[in-house]
Amino acid sequence: MHVISTSKDNRPAVEALGFEVKTEIFTLFEVAEDDERWPEVARLVKEWKAQDIQRTDFAHEEVLAAEHVCLVQEAKASFPQPKNNFEYRRIVYDLSGYCQACGAGMRQIAPFRVDRRPRWGPSVLGQIHWTDDEFFCAKKLWGRVFEPLGVGCWPVFRKQDIALADFVQLRIEQTSASPLRIPENAPASRCPHCRAVKLQPWRRGHFPPFAEPVSAPVVRSREWFGSGYAAFKAVIVAREVAAAMLEHGVYGVRYWPLRPMLRVIT
Ligand SMILES: [Zn+2]
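Every value quoted in this text rests on a predicted model; they were computed, and no experiment measured them.

Scanning the protein chain from terminus to terminus reveals six helices and 17 strands. For the protein chain, the C-alpha atoms occupy an extent of roughly 50 × 45 × 45 Å along the three principal directions. Within the protein chain, the fraction of its 266 residues that count as buried is 45%. Split by element, the accessible area of the protein chain, about 14,600 Å² in all, is 50% carbon and sulfur.

Before going further, it helps to spend a moment on the nonpolar core. The biggest cluster of nonpolar side chains holds 41 residues, and the ones touching the most others in it are Leu125, Phe146, Leu170, Phe207, Ile236, Met245 and Tyr255. Elements that contribute at least two residues to this core include exactly strand 4 (68-73), helix 5 (139-146), strand 12 (163-171), strand 15 (218-225), strand 16 (232-238), helix 6 (239-247) and strand 17 (253-257). Examining the composition of this core, we find that five residues originate from one element, helix 6, more than from any other. Of the domains in this structure, domain 2 (60-73 + 175-244) and domain 3 (84-171) are the two that each give at least three residues to this core. Once residues lying within four places of it in the same chain are set aside, the contact partners of Tyr255 are Phe58, Val63, Val69, Cys70, Leu71, Ala242, Met245, Leu246 and Val250.

This part takes up the coordination of the zinc ion. At 2.3 to 2.4 Å from the zinc ion lie its protein donor atoms, namely Cys99 (SG), Cys102 (SG), Cys191 (SG) and Cys194 (SG). Coordination geometry of the zinc ion: the four donor atoms subtend angles of 102 to 112° at the metal centre, consistent with an arrangement described as tetrahedral.

For the rest of this paragraph, the subject is the pattern of salt bridges. A full pass over the atoms with the stated rule returns 14 salt bridges. A salt bridge links Arg171 to Glu173; the shortest N-O distance between them is 3.1 Å. With relative accessibility at 62%, the residue Glu173 sits in the exposed group. Through salt bridges with shared partners, a single ionic network connects Glu30, Arg55, Asp57, Glu74 and Arg254.

What follows is about the domain arrangement of the protein chain. Along its sequence, the protein chain is organised into domain 1 (2-54), domain 2 (60-73 + 175-244) and domain 3 (84-171). Distance between the C-alpha centres of domain 1 and domain 3: 34 Å.

On to the side chain of Gln108, then. The residue Gln108 is located in strand 7 (residues 107-108) in this model. Of note is the side chain of Gln108, whose polar atom sits 3.0 Å from the backbone oxygen of Ala110. At a separation of 2.8 Å, a polar atom in the side chain of Gln108 contacts the side chain of Gln169. Those residues within four positions of Gln108 in sequence are excluded, and the remaining contacts are Val92, Tyr93, Glu134, Trp154 and Gln169.

Calculation notes
- Residues numbered from 1 in each chain as written.
- Predicted model: local features only at pLDDT ≥ 70, side-chain atom pairs only at ≥ 80, totals over all residues.
- Heavy atoms only, no water.
- Helix = DSSP H or I, 4+ residues; strand = E, 2+ residues; numbered from the N terminus.
- Buried < 20%, exposed > 50% of the residue type's maximum accessible area, 1.4 Å probe, protein only.
- Areas by Shrake-Rupley, 256 points an atom, 1.4 Å probe, with all protein chains shown as cover.
- Core = buried A, V, L, I, M, F, W, Y, C linked by side-chain atoms within 4.5 Å.
- Domains from an automatic or database assignment.
- Contact = heavy atoms within 4.5 Å.
- Donors = N, O, S within 2.8 Å, 3.2 Å for Na, K, Ca; no water.
- Tetrahedral: all angles 85-135°; square planar, octahedral: opposite > 155°, others 65-115°.
- Salt bridge = Lys/Arg side-chain N within 4 Å of Asp/Glu carboxyl O.
- Polar contact = N/O pair within 3.5 Å; in protein donor to acceptor, adjacent residues only side chain to side chain.

Right under this line is the structure:
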């Protein structure tokens, strides 16, 4: 799948090809590589110097066939508070291992505060702005899908230290003991200050598998991803969790299966 974004001036041409445009200020649309219009779109992308983000979409059966599934955010709303100068960070995180140059090393020690509860449907698992590896949902959804499988939660506060009645954050405390099997040629950068290695997020094909078996219901990767000042870890759930999520119609995230650990190379 290609996610194309270009200037709003190109919207008529995109609509003339029969694509549905999802945004107002610029033109954003999706096209599959096996779509008969793809060659024409590829030509226009070049001509317009449009942004083309590639990703692979997986059917539910492919997701359920994987032992682990990476969760990729698609829904974002609300801001952590107090947001001026990122002040919330000093409350929410232990910053003793944090590197300002690359963004790696924050560790959550207290609940988030938000300006308001996001207006999400009851089955949405989403993120609040400025968080790339934390997921939030209705408390009822957590109780139905995640709690029975051993995934805890943090409360989420409103500005005035009042816990929201029906809104929680998934508590992802474990970092995977196993590294991911990252291809040696994967684009990465090493921070000159803290020496942390950050991998560029990639989108095609399966997500890389763990090198060793991992049994926790949800873990963060050992590896950092991102570029510039942003750093995040991949959030990876076990198959049972992904299955329960799909069974309950949880959306707001993309389900990205990890490649099987043992693969016959043909
Ligand atoms: Zn650093």
